[in-house]
Amino acid sequence: MNKLESLVKEFKENQNMIDMLKNSNDQLKHEIITLMGGNDTLYIGVYKVTNKLVNSSRFNSKAFKLDHNDLYNEYVVNSKVNRFIVK
């Protein structure tokens, strides 16, 4: 196995571990919320745990584009980003 293949293999293994940890944390979060029993804030040892509904406002650019395409095109900014993927 050459250096590049070894690095790609290690990268993919790390990516898989990150995914597993995210899934594990999602399960832990769900269990913690269940055990909180409807409380929005609890103090557990040195930890403060909160689970609150938060209102947020987001700009609906798709609807704006449909309703005001000329303004949308006037203010839209195109950019380039690098996308790195290992499958």
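Residues numbered from 1 in each chain as written. Predicted model: local features only at pLDDT ≥ 70, side-chain atom pairs only at ≥ 80, totals over all residues. Heavy atoms only, no water.

Some remarks on the overall build of the protein chain
- Of the regular secondary structure elements, the protein chain holds 3 helices and 2 strands.
- Scanning the protein chain from its N terminus toward the C terminus, one meets helices and strands in the order α-β-β-α-α.
- Computed over C-alpha atoms, the radius of gyration of the protein chain comes to 22 Å, more than 25% over the 12 Å expected from 2.2 N^0.38 for 87 residues, which places it beyond the range of a compact globule.
- C-alpha atoms of the protein chain, sized along the principal axes, occupy 55 × 50 × 20 Å.
- Out of the 87 residues belonging to the protein chain, those deemed buried represent 2%.
- About 8,900 Å² of surface is accessible on the protein chain, with carbon and sulfur atoms providing 54% of the total.
- In the protein chain, which carries 13 positive and 10 negative side-chain charges, the distance between the mean positions of the two groups comes to 2 Å. (Helix = DSSP H or I, 4+ residues; strand = E, 2+ residues; numbered from the N terminus. Rg over C-alpha atoms; globule rule 2.2 N^0.38 Å. Buried < 20%, exposed > 50% of the residue type's maximum accessible area, 1.4 Å probe, protein only. Areas by Shrake-Rupley, 256 points an atom, 1.4 Å probe, with all protein chains shown as cover. Lys, Arg positive; Asp, Glu negative; His and termini not counted. Charge placed at Lys NZ, Arg CZ, Asp CG, Glu CD.)

Quick notes on the packing of aromatic side chains
- Applying the stated rule across the entire model yields 2 aromatic pairs.
- Ring plane angle 55 degrees and centroid distance 5.4 Å describe the contact between Phe59 and Phe64, whose orientation is recorded as tilted.
- On the basis of relative accessible area, Phe59 is assigned to the exposed category, the value being 64%. (Phe/Tyr/Trp six-rings, centres within 6.5 Å; stacked < 30°, edge-to-face > 60°.)

Brief notes about the environment of Leu53
- Structurally, Leu53 is set in the loop between β2 (47-50) and α2 (61-67).
- Overall, the relative accessible area of 85% leaves Leu53 in the exposed class.
- With 49 residues separating them in the primary sequence, Leu53 and Leu4 have C-alpha atoms 46 Å apart.

Overview of helix α1 (residues 3-36)
- Taking 1.5 Å of rise per residue, 34 residues should cover 50 Å, and α1 covers 49 Å from first to last C-alpha, within 8% of that figure.
- Just past α1, the residue Gly37 takes up positive phi, approximately 60 degrees. (Expected span 1.5 Å × (residues − 1).)

Some words on the pattern of salt bridges
- For the structure on display, the rule yields 1 salt bridge.
- Here Lys9 ties to Glu13 by a salt bridge, and the two come within 3.4 Å at their closest N and O atoms. Placement of both Lys9 and Glu13 in helix α1 is noted, with a separation of 4 residues, approximately one turn of the helix.
- A relative accessible area of 40% places Glu13 in the partly exposed class. (Salt bridge = Lys/Arg side-chain N within 4 Å of Asp/Glu carboxyl O.)

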